[in-house]
Amino acid sequence: MEKRTDVLLLGTFGSGFCIRIELALKLKGIPYKYDEENLTNKSELLLHHNPVHKKVPALVHNGRAIAESLVILEYIDEQWDHTPKLLPEDPYKRAKLRFWISYFDQKVPMSSIYNIILSKGKEQEEAIEGFCELVWVFEEGVKRDFQAGSLPLTVRP
Ligand SMILES: N[C@@H](CCC(=O)N[C@@H](CS)C(=O)NCC(=O)O)C(=O)O
């Protein structure tokens, strides 16, 4: 069992990129320490551990850092090779999953939510419509490819 201090997550509140790392660590039962970053005044620790992008999340395992949430997720799955596995064993299913992860990160960015919040009237209606369409494609695709039951969020009938 890892000591709690061996795994440190640098994150920030409400970030989907950071939440996915916390979910993975919790699903795998990996103890970790969490440091909340102030993105308007980034810590020396974050700049040191993610000098390229200077973003959260960054995961520091036994003093060595990994950045980029999807890279971190794969690292967690490989480093702690016990169930539950995050990625399917079957290469085709893995590829399909990576496709939908990539779709989600490219097509459903936080900026589309800000567009909804910050717009009004017709512009807002169009922003909501566009966002629902993207989420609907994602939801239907994941259901089709993984034959899962209904996902909790059903945007369209
Ligand atoms: N592609 C990155 C995106 C990470 C990201 O955008 N993090 C945001 C917080 S949600 C951040 O650190 N922003 C600070 C900045 O852009 O300076 C990942 O998947 O980890």
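Everything quoted here is computed from the prediction, not taken from an experiment.

Undergrad: I would appreciate a short explanation of the overall build of the protein chain in the present structure.
TA: Within the protein chain, the regular secondary structure consists of six helices and four strands. Seen in sequence order, the protein chain has helices and strands lined up from the N terminus as β-α-β-α-β-β-α-α-α-α. In terms of principal-axis extent, the alpha carbons of the protein chain reach across some 50 × 40 × 25 Å. The buried share among the 157 residues of the protein chain stands at 30%. Expressed as a percentage of contacts within the protein chain between residues at least 6 apart in sequence, the contacts between residues at least 24 apart total 54%. For the protein chain, the computed accessible surface area is about 10300 Å², with 59% contributed by carbon and sulfur atoms. Distance between charge centres in the protein chain, computed from 21 positive and 23 negative side chains, equals 1 Å.

Undergrad: Teacher, can you tell me more about the sheet that holds strand S2 (residues 33–36) here?
TA: Note on sheets: strands pair through backbone hydrogen bonds, and any given pair is parallel or antiparallel. The mixed open sheet is built from four strands, whose spatial order is S2-S1-S3-S4. Either end of the sheet is taken by a strand with one partner, and the two such strands are S2 and strand S4 (64–67). When strand polarity is set aside, the average angle formed by the axes of neighbouring strands in this sheet is 20°. Sheet topology note: the strand S1 (residues 7–11)/strand S3 (residues 58–61) ladder contains four bridges and is antiparallel. Looking at S3, one finds that Leu10 is bridged to Ala58. Relative to S1, helix H1 (residues 16–28) is tilted by about 155°, and along the sheet it contacts S1, S2 and S3.

Undergrad: Whenever I open this one, the site of the ligand confuses me. Can you help?
TA: Taken together, Ser15, Phe17, Leu39, Lys42, Lys55, Val56, Pro57, Glu68 and Ser69 make up the full set of residues near the ligand. Contacts to the ligand include Val56, whose backbone N or O atom sits 2.8 Å from a nitrogen atom. For the ligand, whose accessible area on its own is 520 Å², the fraction buried by protein is 72%. Grouping the constituent residues of the shell around the ligand by class yields four nonpolar, two polar and three charged.

Undergrad: Looking at this structure, how should I read the environment of Asp35?
TA: When you line up the elements, Asp35 lands in strand S2. Residue class for Asp35 comes out partly exposed when judged on its relative accessible area of 24%. In this structure, the C-alpha to C-alpha distance between Asp35 and Leu73, residues 38 residues apart in sequence, is 18 Å. Those residues within four positions of Asp35 in sequence are excluded, and the remaining contacts are Leu8, Leu9, Leu10, Gly11 and Leu45. There is a polar contact of 3.0 Å between the side chain of Asp35 and the side chain of Lys33.

Undergrad: How do you make sense of the pairing of S3 when you look at a structure like this?
TA: Along any regular strand the residues' side chains alternate between the sheet's two faces. Residues Ala58 and Val60 line one face of S3 and the alternating positions Leu59 and His61 line the opposite face, and both faces are buried. Taking the residues between adjacent antiparallel strands as the criterion, S3 and S4 are bridged by two residues, where Asn62 takes a positive phi near 50°.

Undergrad: How should the domain arrangement of the protein chain be read in this particular structure?
TA: Frequently, the measure chosen for interface size is the accessible area that the parts lose on association. Taken domain by domain, the protein chain holds domain 1 (4–79) and domain 2 (91–146). Computed from C-alpha coordinates alone, the two centres of domain 1 and domain 2 are separated by 24 Å. Between domain 1 and domain 2, the residue contacts involve four residues of the former and four residues of the latter. Interface of domain 1 and domain 2: buried area, both sides summed, is about 310 Å²; carbon and sulfur atoms make up 44% of it. Looking at the side of domain 1 facing domain 2, the largest losses of area belong to Arg20, Leu70 and Glu74, adding up to 81% of the total buried there. Summed over the shared surface of domain 1 and domain 2, the number is two salt bridges. Ionic pairing is found between Arg20 and Asp105, a salt bridge with its closest N-O pair at 2.7 Å. The interface formed by domain 1 and domain 2 holds two residue pairs in polar contact (both at pLDDT 80 or more) in total. Mapped onto the side of domain 1 that touches domain 2, the elements with two or more residues apiece are H1 and helix H3 (69–79). Looking at the side of domain 1 that touches domain 2 residue by residue, the classes come out as two nonpolar, no polar and two charged.

Rules of the game
Residues numbered from 1 in each chain as written. Predicted model: local features only at pLDDT ≥ 70, side-chain atom pairs only at ≥ 80, totals over all residues. Heavy atoms only, no water. Helix = DSSP H or I, 4+ residues; strand = E, 2+ residues; numbered from the N terminus. Buried < 20%, exposed > 50% of the residue type's maximum accessible area, 1.4 Å probe, protein only. Contact = heavy atoms within 4.5 Å. Areas by Shrake-Rupley, 256 points an atom, 1.4 Å probe, with all protein chains shown as cover. Lys, Arg positive; Asp, Glu negative; His and termini not counted. Charge placed at Lys NZ, Arg CZ, Asp CG, Glu CD. Pairing = 2+ DSSP bridges. Axes fitted to C-alpha atoms, helices over the stretch in contact; angles between N-to-C directions. Near = heavy atom within 4 Å. Polar contact = N/O pair within 3.5 Å; in protein donor to acceptor, adjacent residues only side chain to side chain. Nonpolar A, V, L, I, M, F, W, Y, C, P; charged D, E, K, R; others polar. Domains from an automatic or database assignment. Buried area = accessible area lost by both parts, 1.4 Å probe. Salt bridge = Lys/Arg side-chain N within 4 Å of Asp/Glu carboxyl O.

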